[in-house]
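Overview (structure and organization)
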Amino acid sequence: MEPSFWHERWHKGDIGFHRDAAHTALDSHWSALGIAPPAVVFVPLCGKSLDMAWLAGKGYRVLGVELSQFAIDAFFDSQNLTPTTRRQGAFTVSAAGPYELWCGDLFALPADALHEIAAVYDRASLVALPPATQSAYADWLPRMTGKAPILLVGLAYDESEMDGPPFSIPQNRIRQLLGANYDIDVLSDEDVMQANAGMKKRGLTALQETVYRARRIRE
Ligand SMILES: C[S@@+](CC[C@H](N)C(=O)[O-])C[C@H]1O[C@@H](n2cnc3c(N)ncnc32)[C@H](O)[C@@H]1O
């Protein structure tokens, strides 16, 4: 997707992916990563996700990256925080409290931006990327995030019923993308069609949400 696709969605308020509460995967599965606060958690393609507030509430520091400054500003507003901003190459970095959110293209992040991170939380990041970019992301992740384990929330559906994003990423595709570098465990696998009225309107008859733990096997 071109950046303009996402900018337009944010400006039109077409953000059906945003949830008004933290994802239940965090309560259920975050502890499976075994990472203690106040470690830094990287949240790629973070939007204005309240999952970041959940992580901060547990004492973690959060480093997010997001194309839309509009989304980043909205996140800080939602937390009643006024960030300081600085330029860092092509990025504007907004920081307040435990949050540091980088505005720009994930793939342009400088290598040292992520040197402190201990874990990755990916909800609706991989599924936001079209297939060719998914492979680029799968190569990029281990290079940029080293040994950090990942909690990843993925979606799968019949692609003849709907065009992405979100793109369908069934378990075999997750293994194809990440299996060379990570040990992958399925932590939960649920039918979430009833809770996703927007997807039903787009034509889906079934939607499977799977939570994975990915642990690095080689560097
Ligand atoms: C499906 S949304 C998910 C947002 C968030 N993870 C959540 O759970 O609400 C994908 C987000 O990724 C952002 N995005 C898409 N491509 C990006 C890129 N290459 N670099 C940084 N952000 C990107 C979009 O602006 C959008 O906010």
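Residues numbered from 1 in each chain as written. Predicted model: local features only at pLDDT ≥ 70, side-chain atom pairs only at ≥ 80, totals over all residues.

Some thoughts on the sheet that holds strand 9 (residues 208-216)
- Taken together, nine strands build an open sheet; the order of strands is 3-4-5-2-1-6-7-9-8 and the sheet is mixed. Only two strands of the sheet have a single partner each, and these edge strands are strand 3 (84-88) and strand 8 (182-191). This sheet shows a mean twist of 20° between the axes of neighbouring strands, independent of strand direction. (Pairing = 2+ DSSP bridges. Helix = DSSP H or I, 4+ residues; strand = E, 2+ residues; numbered from the N terminus. Axes fitted to C-alpha atoms, helices over the stretch in contact; angles between N-to-C directions.)

Digging into the environment of alanine 39
- Here alanine 39 shows up in the loop between helix 2 (24-29) and strand 1 (40-43).
- Spatially, the C-alpha atoms of alanine 39 and alanine 119 are 7.9 Å apart, while their sequence positions differ by 80 residues.
- Each residue touching alanine 39, except ones within four places of it in the same chain, is listed here: Tyr60, Ala118 and Ala119. (Contact = placed C-beta atoms within 7 Å.)

Side note on the site of the ligand
- Surveying the vicinity of the ligand reveals 19 residues, the closest of which are Trp6, Leu45, Gly47, Leu106 and Ala124.
- Its residues assigned to classes, the shell around the ligand shows eleven nonpolar, five polar and three charged. (Near = placed C-beta within 6 Å. Nonpolar A, V, L, I, M, F, W, Y, C, P; charged D, E, K, R; others polar.)

Details of the environment of glycine 59
- Tracing the chain through its elements places glycine 59 in the loop between helix 3 (51-57) and strand 2 (61-66).
- Given 11 C-beta atoms within a 10 Å radius, glycine 59 is considered exposed.
- Distance from glycine 59 to serine 4, taken between C-alpha atoms, is 34 Å for residues 55 residues apart in sequence.
- Those residues in contact with glycine 59 that sit more than four places away from it in its chain are Pro37 and Pro38. (Buried ≥ 20, exposed ≤ 12 C-beta atoms within 10 Å, placed from the backbone.)

Here's the deal with the nonpolar core
- Counting 60 residues, the largest nonpolar core has Val41, Phe42, Val62, Ile117, Ala119 and Leu151 as the members making the most contacts within it.
- Here this core takes six residues from strand 7 (residues 150-156), the largest share from any one element.
- If sequence neighbours within four positions are ignored, isoleucine 117 has contacts with Val40, Val41, Phe42, Leu63, Thr145 and Ala148. (Core = buried A, V, L, I, M, F, W, Y, C linked by C-beta atoms within 7 Å.)

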